[in-house]
Amino acid sequence: MPDLIHLLPDAVANQIAAGEVVQRPASAVKELLENAVDAGASHIKLIIKDAGKSLIQIIDNGCGLSERDARMCFERHATSKIQNANDLMSIHTLGFRGEALASIASIAQIELKSRRIDDEVGTCIIIEGSEIKSQSPVSTPEGTSISVKNLFFDVPARRNFLKSNSLELKYIVEEFLRVALVNPEIAFTFYNQDRILHQVTSSTLKQRLVALFGNAYNQRLIPVVQETGIVNIHGFIGKPEFVRKTRGEQYFFANGRFIKNPYLHHAVENAFQQLIPKDSFPVYFIYLTVDPKTIDVNIHPTKTEVNFQDVKSIYAILLSAIRQSIGKFNITPSLDFEQEPSMEIPPLPKNAVINQPVIKVDPDYNPFEKKVKTQFEITLPPRVKVNEDQWKPLYDPLKDVHFKPETFENEEQVPQRIFADWDQDEKLTDRISPVQVQNRYIVSSTQRGIVILDPQKARERIIYERLMSAMENNQASMQHQLHPQTILLSPEDFEMTMEMIEVFGRAGFGIREFGKNTILVEAIPADCIDENITDLFERILEDLKTGTDDGKSRQQIKVAKSLSKSLSFTRKTKLQPEEMASVIEQLFACKVPDLTPDGTPTMIFIGFEELNKKFK
Ligand code: ADP
Ligand code: MG
């Protein structure tokens, strides 16, 4: 029998390694950006076409490559960054594995042009699927330009696996931000489809944050600084009042690289505890510097996890540093309830004249004349008249609804309704007057059982359905602004807003472009009159960024979800009887009364049968 085992050809080995290193265009962008940083560049250009699927080009003015190195760098395990195993203990560069270029070259067409400062001419190399097609001298600026074309051109399985361009671009932007955030002294220009998406000059960290995330960050950030023998910490946290509804800008960096660390994340959350609402996320940009000997970055080529030797102490130091900053900058949020009038009464001046208070009565005042304007009557577009066919199924006796929100992608696929088989009169005749408990839940009943509903969740559903119906019929009520407001956005948010201008229009936002990264809001949905438009709009953008792929109808749903969530929130918790009745009535008029748009229950139903059983 012959022996069976043989070594794989390099090209195949590289392609296998590429499966690990380059999962999507964004991973190639990360590797190439890091190489440019390691090369000591002071200006890095990133050029993307079709979300990196057809072109990723990175141009740096770093140290460049010699003629031989320009070829060598595509070999597997070829690196200039470490020499031996000992060097692994003290890595000062981002790269060290010598795998990235070999991997990328095995699955794409590459053109590399590079020149060192002292060389007269540079080198141009063309590679396709690990094979060198040509190498020639070239006149090129000092530094390196590497173009990666048609990524995965002969790995169709992987190419087909890629997500939509907008999602892949989002991943690329994220990688770009991670590198740009940790190297504020390097200037970056990022072109997407020939348009500048980001352009940042060499600056301080704070300037960099503001340049990347928008001017609003100028007021939102407070510094964190702590130097100890174990770790040096610097960076910024967002003031508690600027928390995010979604996990947005939360960045840890250690020794110049982006890292994820759930344990340290917990320290930040801990420091913010009780200062921010439960379902919100603090913003932070924390930079840790530790002795390279005490950190293991060699866990996995694409993983951002690292191990710290003394992570417990770092946790404690971080927690205390953030608490100190919060205390020092006195940024505890303003209290939620209306302020008591001041109890400090200044002493009267010595010869002050004191007039007896006079009571004035308006004899015409009739307290019952004023119509109580309930939360639910205001501005929403007119209710759609619901016919019996739509009503009946809503009163299906409660079945065990085991509902997974994540399957709730499509509004039409709602699995089960709580009620069916309902007689329209039932609601009118047999309902007890609703009562409110704990200043929150509304308890009422139908002929068949007891309903307990959460008014805020109910409002979310009610507003959502009205918005969706208004958006579908293109009849959202708009409120034109007397003083149109400008909002300065981050470049991505601006791009996204422009792409979605039509969807926003359907929801009632009249928006147009107003200079660089700025929009002018000329009209708002009528429901939003009392809202802070900048905050509201930023929240919507934030929500739009989460989740997976996004067709037009998904975007519409997301906007409606986000708006209904924001607008359903109210400080007012105690409801008047007529307000409670109004919520119940409007909720049961919804297509899906029992769930919020996100799929959490709006109500709980306990059938009398079930009650009887319980009481035997
Ligand atoms: P690693 O970064 O882990 O060393 P790579 O495959 O990314 O491995 O790169 C291989 C080598 O090619 C690097 O060690 C470096 O010497 C060289 N190199 C890559 N990109 C650049 C660049 N933009 N400028 C100068 N040298 C580079
Ligand atoms: Mg590298």
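Rules used throughout
- Residues numbered from 1 in each chain as written.
- Chains lettered and ligands numbered in written order.
- Predicted model: local features only at pLDDT ≥ 70, side-chain atom pairs only at ≥ 80, totals over all residues.
- Heavy atoms only, no water.
- Near = heavy atom within 4 Å.
- Polar contact = N/O pair within 3.5 Å; in protein donor to acceptor, adjacent residues only side chain to side chain.
- Areas by Shrake-Rupley, 256 points an atom, 1.4 Å probe, with all protein chains shown as cover.
- Phe/Tyr/Trp six-rings, centres within 6.5 Å; stacked < 30°, edge-to-face > 60°.
- Helix = DSSP H or I, 4+ residues; strand = E, 2+ residues; numbered from the N terminus.
- Buried < 20%, exposed > 50% of the residue type's maximum accessible area, 1.4 Å probe, protein only.
- Lys NZ or Arg CZ within 6 Å of the ring centre and 35° of its normal.

Novice: Which parts of the structure should I look at to understand the site of ligand 1?
Specialist: Around ligand 1, the structure places 19 residues, and the nearest of them are N35, T79, S80, K81 and G98. Taking L101, its main chain carries an N or O atom lying 2.9 Å from an oxygen atom of ligand 1. The fraction of the free accessible surface of ligand 1 (530 Å²) that becomes covered by protein chains is 92%.

Novice: It is not clear to me how the packing of aromatic side chains should be interpreted in this structure. Could you clarify?
Specialist: To describe a pair of aromatic rings, one takes the distance between the centres and the angle between the planes. By the definition in use, this model includes 15 aromatic pairs. Taken together, a centroid distance of 5.6 Å and an interplanar angle of 10° make the contact between Y251 and F285 stacked. With Y251 in strand β11 (residues 250–254) and F285 in strand β13 (residues 284–289), this pair connects stretches of sequence that are 34 residues apart. Judged by relative accessible area, which is 3%, Y251 ranks as buried. The exposure class assigned to F285 is buried, which follows from its relative accessible area of 0%. Where Y263 meets Y315, the ring centres are 4.8 Å apart and the plane angle is 35°; that geometry is what we call tilted. You can see Y263 sitting in helix α9 (residues 262–272) and its partner Y315 sitting in helix α10 (residues 311–328), a full 52 residues away along the chain. In this structure Y315 comes out as buried when scored by relative accessible area, which is 12%. Clustering of aromatic rings is evident, with ring pairs tying together F213, Y217, Y251, F253, F258, F285 and Y287. When the ring centre of F161 is taken as reference, the NZ or CZ atom of K163 above it lies at 5.8 Å. Over the ring of F258 we find R178; its NZ or CZ atom is 3.9 Å from the centre of that ring.

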